[in-house]
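Next come the chains, spelled out residue by residue.
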Amino acid sequence: MDKTYLDKFYKMNHAERLNALVAAGSLTSDDLLLTNGLLLSDELADNMIENHLANYELPLGVALNFLVDGKDYVVPMAIEEPSVIAAASAGAKIIAQASGFKTTISERIMIGQVALKDVPDLTFAKNNLAQHKNNILKKANAAHPSIVKRGGGATDLFIRVIEADNEAGTPEFLMVHLHVSTLEAMGANIINTMMEGITTYLEELTGGSALMSILSNYATECLASALCQIPVDLLKRNGYSGEEVRDRLIEASQLAYVDPYRAVTHNKGIMNGIDAVVLASGNDWRAISAGAHAYASRNGQYRALSSWRKAENGDLIGQLTLPLPVGSVGGSISIHPAAQFSKRLLGDPSAKELESIIVSVGLAQNFSALKALVTEGIQKGHMGLQARSLAISAGATGADIEQVAEQLKTAKNMNLATAEALLKEIES
Ligand code: MEV
């Protein structure tokens, strides 16, 4: 990618931005033709959900400067919050100067569950399941032969006992977990079909009765990690030395480790970036969010998903790990025109490569947020971008938007009343 074409990208108009992406090598001129048709047609949307009325749109933009495992990316993000893309790009720019993100992606194994209750003899049931493990795996694979043909399928079986809880009034559950390699797919349908395919057999083997059979969105066997290491001379900011920014940022990460109230906001910032790419790529952002927040509580307390520490040579090291069961095929990925466009923009990545990009965006987002929070605060950057939204809320259109926004930035009170007053002045 020739990034020189992307200089001052934010100052370009739409056509210039698209042409710059072609010049830089992120898109082809054929892709450009397709951008005219990024909107969901009513026909397609009507076939995607029940009772369709209209399409609820979100802005689709790109974050720049992402260097992930030695490769440059322009990252599509679908998001309504004004500062997110700017913050991701700014964070990624500093991290790119420090050799970028290094990622580690685990094997992509998804989990399905059958919940059995009223099991008469738990020891017998567990032994019987263990003895018939191969048959269970065979039955699961027979329920979805196409994934097996492609080289995936059910690989392992685990048993968990959830004890009866008198206080909650819940019975004892015998949980049977199936581990499934879903290859390039997120795999919800594959797993649900397999779990329903083995339910009766599991009831026969255990003597229990199944309450439900469904995948688990807590994808602890599909983890993505990103790491970055930043020299302190890249951290200097607003009267703070690089060492001060590093140390304050580490303290901020420690605070989010010990205080759940702070951890939720810290992780929300990470998810600003993650959800926006997950959404742009046509993946299920509710599944990713639910899994991420459960992972943040894995040790019994809700904690920060990322951590920042000092390297032996004084650099700042950041790390983020979370479950990222995204797919590169299936669901709306294959039919939503904007998801298809995002895929081309990222160079048609595999599911693992997509995980690497997404986890890096989360870390960049967190880096930018913490750096601002522990130095000049978040409002300066936020409100600068919020100014345009306020101008529009006040009724400004066309060139007035920029004019009201510019004056708002230097006004004593940046709020709707000031925006309305400024607009009145301009109009008169
Ligand atoms: C705002 O959308 C996200 C932040 O609150 C994240 C954080 O506090 O770390 C800035």
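Before reading on, note that the structure itself is shown above.
Below: a short report on this structure.

What counts and what doesn't
Residues numbered from 1 in each chain as written. Predicted model: local features only at pLDDT ≥ 70, side-chain atom pairs only at ≥ 80, totals over all residues. Heavy atoms only, no water. Helix = DSSP H or I, 4+ residues; strand = E, 2+ residues; numbered from the N terminus. Buried < 20%, exposed > 50% of the residue type's maximum accessible area, 1.4 Å probe, protein only. Contact = heavy atoms within 4.5 Å. Pairing = 2+ DSSP bridges. Axes fitted to C-alpha atoms, helices over the stretch in contact; angles between N-to-C directions. Patch = residues over 30% accessible without salt bridge, like charges linked within 9 Å, V, L, I, M, F, W, Y side chains within 5 Å. Areas by Shrake-Rupley, 256 points an atom, 1.4 Å probe, with all protein chains shown as cover. Salt bridge = Lys/Arg side-chain N within 4 Å of Asp/Glu carboxyl O. Lys, Arg positive; Asp, Glu negative; His and termini not counted. Charge placed at Lys NZ, Arg CZ, Asp CG, Glu CD. Near = heavy atom within 4 Å. Polar contact = N/O pair within 3.5 Å; in protein donor to acceptor, adjacent residues only side chain to side chain. 1 Å grid on protein atoms, 1.4 Å probe; cavity = no way out; pocket = protein on both sides within 12 Å on 5 of 7 lines; lining within 4 Å. Sits in = over half its atoms within 2 Å of the grid points.

1. Some remarks on the environment of A24
And then number 1: Mapped onto the elements of the fold, A24 is located in helix α1 (residues 14–24).
And then number 2: Here A24 falls in the buried class, since its relative accessible area comes to 4%.
And then number 3: The contacts of A24, once residues within four sequence positions are left out, are M1, D2, Y5 and L6.

2. Re the sheet that holds strand β9 (residues 306–310)
Either a parallel or an antiparallel arrangement is found when strands of a sheet pair, and the pairing is made through backbone hydrogen bonds.
And then number 1: Here four strands make up an open sheet; going across it, the order is β3-β8-β10-β9 and the pairing antiparallel. A single partner strand is all that each edge strand has here, and the edge strands are β3 (102–105) and β9. Within the sheet, the average angular offset between the axes of one strand and its neighbour, ignoring direction, is 15°.

3. Overview of a negative patch on the surface
And then number 1: Together, D42, E43, D46 and E50 give the surface a local cluster of negative charge.
And then number 2: By the element assignment, D42 lies in helix α3 (residues 42–48).

4. Some thoughts on the site of the ligand
And then number 1: Surveying the vicinity of the ligand reveals the residues E81, R262, T265, H266, K268, G269, N272, A369, L373 and I378.
And then number 2: With respect to the ligand, the side chain of R262 contributes an N or O atom lying 2.8 Å from an oxygen atom.
And then number 3: A distance of 2.9 Å separates an oxygen atom of the ligand from a polar side-chain atom of N272.
And then number 4: Summarising the interface, the protein chains cover 87% of the accessible area of the ligand, which totals 300 Å² for the free molecule.
And then number 5: The cavity where the ligand resides is the second largest pocket.
And then number 6: Mapped by element, the contributors of at least two residues to the shell around the ligand are α10 (260–280) and α13 (351–373).
And then number 7: In terms of residues, the shell around the ligand owes the most to one element, α10, which gives six residues.

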